[in-house]
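# Residue-level structural notes
Given next are the chains, with one letter for each unit.
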Amino acid sequence: MAVKAASQRPTSDALLGRILSSLDDDKAEDVVQIDLRGKTSIGDYMIVASGRSSRQVAGMSEKLMDRLKQEFGIVCKVEGKDTGDWVLIDTGDVIVHLFRPEVREFYQIEKMWMPNGAAPSAPDTTV
């Protein structure tokens, strides 16, 4: 796909759809989508997902960043890719957290954004 001009930045929904597709292609596990609209100004969506190993987590993050740069011209901010335990990717509108399962269980980051007693929603695959 051709790189879009900066003035044609994709909508947060289009970005979300591509991120979910990329994670699915790379066999991410336990993918959770959190709608942040109206809750915070840090972004519109948060995605939390797991990989089976540090190597898979690092690989998924690298491929996701490459795909977003190729398709949308977006250069993401990233933290933690070198260790692969917890990688944070900030696209501007969508924040992606990729974890090894043990690290995800320890931090339980998605629970911070859920209303009390609510279960995280699985991503809508129709996006």
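Located above this text is the structure these notes cover.
This section reports on the structure supplied with the text. Model, not experiment: these values are computed from the prediction. (Residues numbered from 1 in each chain as written. Predicted model: local features only at pLDDT ≥ 70, side-chain atom pairs only at ≥ 80, totals over all residues. Heavy atoms only, no water.)

### Some words on the nonpolar core
Our working definition: Joining through side-chain atoms within 4.5 Å is the link that ties buried Ala, Val, Leu, Ile, Met, Phe, Trp, Tyr and Cys residues into a set, and such a set is a nonpolar core. Each residue is placed in one exposure class: buried if its accessible area under a 1.4 Å probe, protein chains only, is under 20% of its type's maximum, exposed if it is over 50%, and partly exposed if it falls in between. Strands are runs of DSSP state E lasting at least 2 residues, helices are runs of H or I lasting at least 4, and numbering of each runs from the N terminus.
One finds I19, I47, I89, V94, V96 and L98 to be the most contacted residues of the largest nonpolar core, which totals 23 residues. Mapped onto this core, the elements with two or more residues apiece are α1 (12-25), β2 (45-50), α2 (54-72), β4 (86-90) and β5 (94-99). If you tally residues by element for this core, the top one is α2, at six residues. Grouped together as the second largest cluster of nonpolar side chains are nine residues, M46, F99, V103 and I109 included.

### A word on the pairing of β2
For a regular strand, side chains alternate in direction, first toward one face of the sheet and then toward the other. Operational definition: Note on pairing: two strands pair once DSSP finds at least 2 bridges between them.
The buried fraction of β2 amounts to six of the six residues, a majority that puts the element mostly inside the structure. Pairing between strand β1 (residues 29-35) and β2: five bridges, direction antiparallel. Note on β2: the bridge partner recorded for Q33 is I47. Note that β2 and β5 share six bridges and pair parallel. Its bridge partner lying in β5, I47 is registered against V96.

### A few points about the packing of α1 against α2
Where we set the bar: Axis geometry follows a simple rule: fit a line to the C-alpha atoms, using only the stretch in contact for helices, then measure angles between N-to-C directions, giving values from 0 to 180 degrees. These descriptions rest on fixed angle ranges, namely under 35 degrees for roughly parallel, over 145 for roughly antiparallel, 65 to 115 for roughly perpendicular, and the rest for oblique. By convention the crossing between two helices is left-handed if the near helix lies anticlockwise of the far one by an angle smaller than a right angle, and right-handed if it lies clockwise. Residues are treated as being in contact if the distance between any of their heavy atoms lies within 4.5 Å. Residue classes follow a fixed rule: Ala, Val, Leu, Ile, Met, Phe, Trp, Tyr, Cys and Pro count as nonpolar, while Asp, Glu, Lys and Arg count as charged, and any other residue, Gly among them, counts as polar.
Interaxial distance between α1 and α2 falls to 10 Å at its minimum, and their mutual angle equals 140°. On the basis of the axis angle, α1 is oblique to α2. Where α1 crosses over α2, the handedness of that crossing is right-handed. Judged by residue contacts, A14, L15, R18, I19, S22 and D25 of α1 engage L64, R67, L68, E71 and F72 from α2. For the contact of α1 with α2, the per-class residue count stands at six nonpolar, one polar and four charged.

### What to know about the sheet that holds β1
As summarised here, the arrangement of the five strands in space is β1-β2-β5-β4-β3, forming an open sheet in which the pairing is mixed. Both edges of this open sheet fall to β1 and β3 (77-79), since each of them pairs with a single strand only. Across the sheet, the mean angle from the axis of one strand to that of its neighbour is 15°, orientation sign disregarded. The strands touched by α1 within the sheet are β1, β2 and β5, with β2 carrying the most contacts at an inclination of about 5°.

### Regarding α1
Note the following rule: In this scheme, a helix's expected span is set at 1.5 Å multiplied by one less than its residue total.
In this model, α1 (14 residues) spans 20 Å end to end at C-alpha, consistent with the 20 Å of a helix rising 1.5 Å per residue. The complete set of buried residues in α1 reads S12, L15, L16, G17, R18, I19, L20, S22 and L23. Buried residues belonging to α1 abut β1, β2, α2 and β5. Immediately beyond the C-terminal end of α1, within one or two residues, lies K27, with a positive phi of roughly 65°.

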